[in-house]
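Report on the structure
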Amino acid sequence: MEAPAAPHDPAEPFSLDITVHSPDQMRELGRRLAKLLRAGDLVMLSGELGAGKTTLARGLGEGLGVRGAVTSPTFVIARVHPSLGDGPPLVHVDAYRLGGGLDEMEDLDLDVSLPESLIVVEWGEGKVEELTDDRLQVVIHRAVGNTTDEVRHVTLTGLGERWAAVDLSVLSA
């Protein structure tokens, strides 16, 4: 796992690369990431089918202590998981079946939910960036083709003022 060698310029996006060797490690990464998140955060998950986006989201839900099992919301588009404690609810969105732009996403009222919720969007590129300048982009790369390789390379990039002050390197510990 790689960690930054020196503090980063707050005006520049900060990225961290982490190698994950199993679905259990991906869930654990989600649980650790949950400790850095708060209401108002937007997390965008990208990666090929089967890369581990939902597995990471499941770990986030476990780390946040939300009600209900976090599963792929592909057919319902969005699922709200209320907090079992005093944390924010998790709004888990799968934008794969949605067309382009925020216009189609408006029916989900994500802009209304964002201030008091943690919103995690799978397949949100080109669709939800307009919600906020502050977001965490998580890109998961895996070997493609006929392979049983469980290794994933995860790149986390914090964008905006919110993420300039967050030390993502604690995730690689």
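Scroll up to find the structure.
Residues numbered from 1 in each chain as written. Predicted model: local features only at pLDDT ≥ 70, side-chain atom pairs only at ≥ 80, totals over all residues. Heavy atoms only, no water.

All told, the structure shown has four salt bridges when counted by the stated rule. In this structure, E28 engages R31 in a salt bridge whose closest nitrogen and oxygen atoms are separated by 3.0 Å. Placement of both E28 and R31 in helix α1 (residues 23-34) is noted, with a separation of three residues, approximately one turn of the helix. On the accessibility criterion, E28 (30% relative accessible area) is partly exposed. Given a relative accessible area of 27%, R31 falls into the partly exposed group. Taken together, the salt bridges that share partners define one network made up of R27, E28, R31 and E62. (Salt bridge = Lys/Arg side-chain N within 4 Å of Asp/Glu carboxyl O. Helix = DSSP H or I, 4+ residues; strand = E, 2+ residues; numbered from the N terminus. Buried < 20%, exposed > 50% of the residue type's maximum accessible area, 1.4 Å probe, protein only.)

Turning next to the nonpolar core. One recurring pattern in soluble globular proteins is that nonpolar side chains are buried together. Counting 30 residues, the largest nonpolar core has V138, L156 and L168 as its most contacted members. Those elements that provide at least two residues to this core are β1 (14-20), α1, β2 (42-47), α2 (53-64), β5 (118-122), β6 (135-142) and β7 (152-159). If sequence neighbours within four positions are ignored, L156 has contacts with F14, S15, L16, I18, L33, L136, Q137, V138, L168 and L171. L42, M44, A95 and V121 belong to the second largest nonpolar core, which has nine residues in total. (Core = buried A, V, L, I, M, F, W, Y, C linked by side-chain atoms within 4.5 Å. Contact = heavy atoms within 4.5 Å.)

With that settled, consider the pairing of β6. Looking along a regular strand, one sees side chains alternate from face to face of the sheet. As paired elements, β2 and β6 share five bridges and run parallel to each other. Each bridged residue has a counterpart across the sheet, and for V43 the counterpart in β6 is L136. (Pairing = 2+ DSSP bridges.)

A few words now on the side chain of H81. Secondary-structure assignment places H81 in strand β3 (residues 78-81). Among the residues examined, H81 registers a relative accessible area of 2% and is labelled buried. Within polar-contact distance, the side chain of H81 engages the backbone oxygen of R67 at 3.0 Å. Not counting chain neighbours up to four residues away, the residues in contact with H81 comprise V66, R67, G68, A69, V70, P89, L90 and H92. (Polar contact = N/O pair within 3.5 Å; in protein donor to acceptor, adjacent residues only side chain to side chain.)

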